[in-house]
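Structure at a glance
This is what each chain is made of:
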Amino acid sequence: MEHGNGIYDFPRKNAFSRFSRHVHGTESGLIAALFPAEPSPRAQNALEKSALALGWGAEAVCYVETDGLDARELLQIIEGIDPVAVVIASASSAQAFFAAYHLQPIGNERFTALCREVRSIPCFEELMESPDGRQRIWAVLKTLPHP
């Protein structure tokens with residue numbers, strides 16, 4: 001699924017090139033997944049399969065490594081990519097996100113920030129280790145908007 005064309009691609013391409021050490025994956029950036037460091041292949045596979053099952057396509061996910069970014073940089077990346085949704089996949093990435101958006105920490109798994117759907121799964125990698133954990137991840141991810 002395409003995210004856009006023309007002049008509206010410029011901020012997204014700029015975010016990918018300017019922050020290339022922290023932003024990975026496809027440039028469609030419809031779903032931005034925030035991890036402190038590069039996510040495991042298993043976590044990436046789960047996110048991409050979830051995006052596919054929701055109708056966005058496996059190529060809809062990009063990954064943002066939050067370690068080493070300040071709040072302003074993280075905000076620039078997310079706003080530049082302009083995803084439909086953000087998945088926060090660790091407690092430290094949640095702290096970085098809340099700082100970037102000047103939000104008080106929210107205990108909910110599901111909320112919005114500047115009209116953007118956000119899903120918080122603060123121990124994503126750990127949950128991937130068990131079938132019950134993977135089901136819990138899917139229960140949260142399947143609440144993402146569908147195209």
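Located above this text is the structure these notes cover.
Here's what I pulled together on the structure shown here. A quick note: this is a predicted structure, and the numbers were derived from the prediction, not measured. (Residues numbered from 1 in each chain as written. Predicted model: local features only at pLDDT ≥ 70, side-chain atom pairs only at ≥ 80, totals over all residues. Heavy atoms only, no water.)

**Focus: the side chain of Gln44**
With respect to the element layout, Gln44 can be found in helix H2 (residues 41–53). Within polar-contact distance, the side chain of Gln44 engages the backbone oxygen of Pro39 at 2.9 Å. (Helix = DSSP H or I, 4+ residues; strand = E, 2+ residues; numbered from the N terminus. Polar contact = N/O pair within 3.5 Å; in protein donor to acceptor, adjacent residues only side chain to side chain.)

**Things to note about empty space enclosed by the protein**
Scanning the entire structure with this criterion turns up 1 cavity of 30 Å³ or more. Lining the largest cavity, in full, are Ile31, Leu47, Ser50, Ala51, Leu54, Val61, Val87, Leu141 and Leu144. Of the residues that constitute the lining of the largest cavity, the class distribution is 8 nonpolar, 1 polar and no charged. (1 Å grid on protein atoms, 1.4 Å probe; cavity = no way out; pocket = protein on both sides within 12 Å on 5 of 7 lines; lining within 4 Å. Points joined across faces, edges and corners; volume = space filled by probe spheres on them. Nonpolar A, V, L, I, M, F, W, Y, C, P; charged D, E, K, R; others polar.)

**Some points on the layout of surface pockets**
As a volume, the largest pocket reaches approximately 200 Å³. Every residue along the wall of the largest pocket is listed here: Arg42, Asn45, Ala46, Lys49, Ser50, Met128, Arg134, Ile137 and Trp138. Every element with two or more residues in the lining of the largest pocket is listed here: H2 and helix H6 (131–141). Element by element, the count of residues in the lining of the largest pocket is highest for H2, at 5 residues. Here the residues of the lining of the largest pocket sort into 4 nonpolar, 2 polar and 3 charged.

**Re the pairing of strand E4 (residues 85–88)**
Here E4 shows two buried faces, one formed by Ala85 and Val87 and the other by Val86 and Ile88. As judged from the 4 bridges shared by strand E2 (residues 31–35) and E4, these two strands associate in the parallel manner. From the neighbouring strand, Ala33 faces E4, where its bridge partner is Val87. As paired strands, E4 and strand E6 (residues 116–120) are joined by 4 bridges and run parallel to one another. In the sheet register, Val87 faces E6, and the bridge partner there is Arg119. (Buried < 20%, exposed > 50% of the residue type's maximum accessible area, 1.4 Å probe, protein only. Pairing = 2+ DSSP bridges.)

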